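Single-letter residue listing:
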Amino acid sequence: QCVKSGIPVPLFMQQWCNLKDEFGAFYGNKPSGMKGMLSRLKMPLKGKHHLGMDDTANIAQVAIRMVTDGATIAPTAARGPQ
């Protein structure tokens, strides 16, 4: 969207974390997706799968649990400004 709008991509948007990668590295098995991470942690799926706000809340709960368990969440990918 930034490129389309002719504005620079902010630095904080040039790197991100694929939580599945961090999850796999920390717990020893890469899940198939959000539902797999929730299942592995014995956490319930809250709301409706693939509904943006519900998925966001569920992924946040996975991230919180990971940090509580001792994981460090770090960027797993980056892309320079386009």
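Everything that follows concerns the structure shown earlier in this document.
Thresholds, definitions, all that
Residues numbered from 1 in each chain as written. Predicted model: local features only at pLDDT ≥ 70, side-chain atom pairs only at ≥ 80, totals over all residues. Heavy atoms only, no water. Core = buried A, V, L, I, M, F, W, Y, C linked by side-chain atoms within 4.5 Å. Buried < 20%, exposed > 50% of the residue type's maximum accessible area, 1.4 Å probe, protein only. Helix = DSSP H or I, 4+ residues; strand = E, 2+ residues; numbered from the N terminus. Contact = heavy atoms within 4.5 Å. Phe/Tyr/Trp six-rings, centres within 6.5 Å; stacked < 30°, edge-to-face > 60°. Salt bridge = Lys/Arg side-chain N within 4 Å of Asp/Glu carboxyl O. Lys, Arg positive; Asp, Glu negative; His and termini not counted.

## With respect to the nonpolar core
1) Next: Membership of the largest hydrophobic core is limited to 10 residues, which are L19, F23, Y27, M34, M37, L38, L41, V62, M66 and A71.
2) Next: Listed by contribution, the elements that provide at least two residues to this core are helix 2 (19-27), helix 3 (34-40) and helix 4 (52-68).
3) Next: If near-sequence neighbours (up to four positions away) are discounted, M66 is found in contact with L19, E22, F23, F26, Y27, A71 and I73.

## Details of the packing of aromatic side chains
Within a pair of aromatic rings, the relevant descriptors are the distance that separates the centres and the angle that separates the planes.
1) Next: Enumeration over the complete set of coordinates arrives at 2 aromatic pairs.
2) Next: Between F23 and Y27, the aromatic rings sit 4.6 Å apart at their centres with planes inclined by 50°, giving tilted as the arrangement. Residue F23 and its partner Y27 are located together in helix 2, separated by 4 residues, close to a single helical turn. For the pair formed by F23 and Y27, the shared burial category is buried.
3) Next: For the pair F26 and Y27, a centre-to-centre distance of 4.8 Å together with 80° between the ring planes defines the contact as edge-to-face.
4) Next: By relative accessible area, F26 is classed as partly exposed at 35%.

## Brief notes about the pattern of salt bridges
1) Next: Enumeration according to the criterion identifies 2 salt bridges in this entry.
2) Next: Of the charged contacts, one joins R65 and D69 as a salt bridge, the two residues approaching to 3.2 Å between their closest N and O atoms.

## A few points about the side chain of D55
1) Next: With respect to the helices and strands, the residue D55 is situated in helix 4.
2) Next: Among buried charged residues, D55 stands out as having no salt bridge; its nearest opposite-charge side chain is K35, 9.2 Å away.
3) Next: D55 has contacts with M34, K48, H49 and H50, leaving out every residue within four places of it along the chain.

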